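Chain residues, written in single-letter form:
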Amino acid sequence: MTVVEIAMKSDIGCVRQVNEDYGTHFTILDKYTGVILADGMGGHLAGDVASKMAVEVICHEIQSLLEEEITVDEIRINTEHAIKKANDKILDYASRHQECAGMGTTVVVGILRKGWGLIAYIGDSRAYQFTLGHLKRLTDDHSLVNELVKSGQITAKEADDHPQRNVLLRALGTDKHVTIDFVPVSFQERDIFLICSDGLTKMVPDKEIEKILNQRISLQEMADQLVERAKEAGGDDNITVILLRESQPNG
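Numbers given for residues are sequential positions, taken from 1 along each chain in its written order. With the structure being a predicted model, the display of local features is reserved for residues of pLDDT at least 70 and the display and counting of side-chain atom pairs for 80 or more, all residues being used for whole-chain, interface and lining totals. Side-chain measures here rest on the full set of heavy atoms in the structure, leaving out hydrogens and waters.

Moving on: the side chain of Thr139. Where helices and strands are cited, they refer to DSSP runs of H or I of at least four residues and of E of at least two residues respectively, numbered from the N terminus. Mapped onto the secondary structure, Thr139 falls in the loop between strand S8 (134-137) and helix H3 (144-150). In protein, a polar contact requires one atom able to donate a hydrogen and another able to accept it; more generally it is a pair of N or O atoms within 3.5 Å, and residues adjacent in sequence count only if both atoms are side-chain atoms. Here Ala127 takes part through its backbone nitrogen, which lies 3.1 Å from a polar atom of the side chain of Thr139. Residues are treated as being in contact if the distance between any of their heavy atoms lies within 4.5 Å. Beyond its immediate chain neighbours, meaning those up to four positions away, Thr139 contacts Ile119, Tyr121, Ser125, Arg126 and Ala127.

A negative phi angle characterises most non-glycine residues, just as the trans form characterises most peptide bonds. Phi angles above zero are rare outside glycine, and Leu132 is one such case at about 50°. Examined against the element boundaries, Leu132 turns out to sit in the loop between strand S7 (126-131) and S8. The buried label goes to any residue with under 20% of its type's maximum accessible area, the exposed label to any with over 50%, and the partly exposed label to all in between, with areas taken from a 1.4 Å probe on protein chains only. Overall, the relative accessible area of 71% leaves Leu132 in the exposed class. Although it is not a glycine, Arg190 adopts a positive phi angle of roughly 80°. Looking at where Arg190 falls in the secondary structure, it is placed in the loop between strand S9 (181-186) and strand S10 (192-196). The partly exposed category is assigned to Arg190, whose relative accessible area is 37%.

On to the environment of Tyr93. In this structure, Tyr93 sits in helix H2 (residues 72-96). Tyr93 gets classed as partly exposed once you look at its relative accessible area, which sits at 23%. If we ignore the near neighbours within four places in the chain, the residues touching Tyr93 are Val49, Met53, Cys100 and Met103.

The element strand S6 (residues 116-122) is largely enclosed, with a buried count of six among its seven residues. As paired strands, strand S5 (residues 107-113) and S6 are joined by seven bridges and run antiparallel to one another. Its bridge partner lying in S6, Leu112 is registered against Gly117. Here a strand pair is declared whenever DSSP counts at least two bridges between the two strands. Where S5 hands over to S6, the hairpin turn is made up of two residues, of which Gly115 adopts a positive phi near 85°. Bridge count for S6 against S9 is six bridges, and the pairing is antiparallel. Across the sheet, Leu118 pairs through a bridge with Pro184, a residue of S9.

Given 3.6 residues per helical turn, the α-helix brings residues three or four places apart onto the same face. Expected helix span is given by 1.5 Å per residue-to-residue step, counting one fewer step than there are residues. Between its first and last C-alpha atoms helix H7 (residues 219-232) spans 20 Å; for 14 residues at 1.5 Å apiece the expected length is 20 Å, and the two agree. Every buried residue of H7 is listed here: Leu219, Met222, Ala223, Leu226, Val227 and Ala230. Across the axial projection of H7, the buried residues extend over an arc of 130°, all falling on one side. Downstream of H7 by a residue or two, Gly234 has a phi angle that is positive, lying close to 135°. The arc in question is the one traced by the directions running from the helix axis out to the C-beta atoms.

Set out below in structure tokens:
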């Protein structure tokens, strides 16, 4: 029998007035572990509304769709349905509430079962897998600067300070048609999955994240340290971290 340890930490950061990040985790049928993180955008309160709505709709839809015996392909279909349902809900809400016009959110959804799972995402919030002492990034930012880096127009270092580094090419709730990227994952006992908003990754380099995850401390202590390190580096955005690890009950 296996269990899943989960740690979560969300902080408003050192600059923002509202925390527009929203995340949750859940268990289905004692077999599936789900995690959802959204980083809202759209001005005061609107981003908060978008991220909360996205997480709540996706969580509800996935919990109602997942069955005891299901394939990875079926999980993908159900997760895609849930995310598109959230997209429709956000668009509809924004159309009826002028103060929320133009709101949207990133989203990362992870559905894990013993040894395997699926990551779905839109935007620049990220998922990582920490295995055998090394950090592996699973997602690819849907951002303007990332496309500029991939096309060779700017360097990765230049991207860090680019004036348009916050411009997203894809987000949930900003367009009727949404494209979702999926990443199948397999993992071993003691691997750690990190789901986080860009408030962490824009402040703390991957090598430093890896160093924190290599410590012999609890998952919650790791999450706390990651958030504190982002704040020490300036904390100019909301910071949310979710860590998951499958382990033996007595391990």
